[in-house]
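So the chains spell out like this:
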Amino acid sequence: MRGTRTATGAALAAGALAVTGLALAPTAAAVTPQTATITASCGFFGGGAATLTATQNGTSATITLTSTAISAPVAVAPDSISSTLTLARAGGGGVVFSGTKNPAMNTGDPVSVGPLPGTVAAGDRLDAYGGSLKMVIFGITVTCKANGPQAPGPFVFD
């Protein structure tokens, strides 16, 4: 009987410590919303709806852009598009997300770039409207701009 009480007491103590550890563990930073849509114009290369997906881990963030309305001008290998996405910061300025991450795409395939890394600050409110996406594909520069604010609203980083 005494062994059972000791084991029960140890189990309760371990459970209490686990709950305390969860309560005191730092929470992961979160961006809201995690996805937003825009309508973009890319000149000769087309335009239309695009989806932006954001993630955050502290001051590091990534943005991925995908669009079935904007097509690849030429076939490209994975990780061969040099992309620079600038999002406008509420209050002025912008934050740059850049890199060479993309899936393989054939001519005419929907465009997808990212995740593109960038650095954010707590409280940053970033919107594609007022910014731009510049992609360099085999020396061809494609620049896209949002025609209006992203929906449902700007990305807000914790």
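Structure's up top.
Please read these numbers as outputs of a predicted model, since none were measured by experiment. (Residues numbered from 1 in each chain as written. Predicted model: local features only at pLDDT ≥ 70, side-chain atom pairs only at ≥ 80, totals over all residues. Heavy atoms only, no water.)

*Asks:* Is there a simple way to think about the environment of T143 in this case?
*Replies:* Mapped onto the fold, T143 is located in strand β9 (residues 140–146). Spatially, the C-alpha atoms of T143 and L85 are 9.7 Å apart, while their sequence positions differ by 58 residues. Non-local contacts of T143, meaning those with residues more than four positions away in its chain, are made with S41, C42, S132, L133 and K134. (Helix = DSSP H or I, 4+ residues; strand = E, 2+ residues; numbered from the N terminus. Contact = heavy atoms within 4.5 Å.)

*Asks:* I keep staring at the state of the cysteines and nothing clicks. Help me out?
*Replies:* Note: disulfide means a covalent bond formed between the sulfur atoms of two cysteine side chains. With the rule as written, the count across this model stands at one disulfide. Two residues, C42 and C144, share a disulfide whose sulfurs are 1.9 Å apart. Given an S-S torsion of about 110 degrees, the disulfide between C42 and C144 has right-handed geometry. Remark: C144 occurs in strand β9 and C42 occurs in the loop between β2 (35–41) and β3 (47–57); sequence separation between them is 102 residues. For the pair shown, C42 and C144 are each scored as buried. (Disulfide = S-S within 2.5 Å. Buried < 20%, exposed > 50% of the residue type's maximum accessible area, 1.4 Å probe, protein only.)

Limitation: the analysis is restricted to geometry and does not speak to function.
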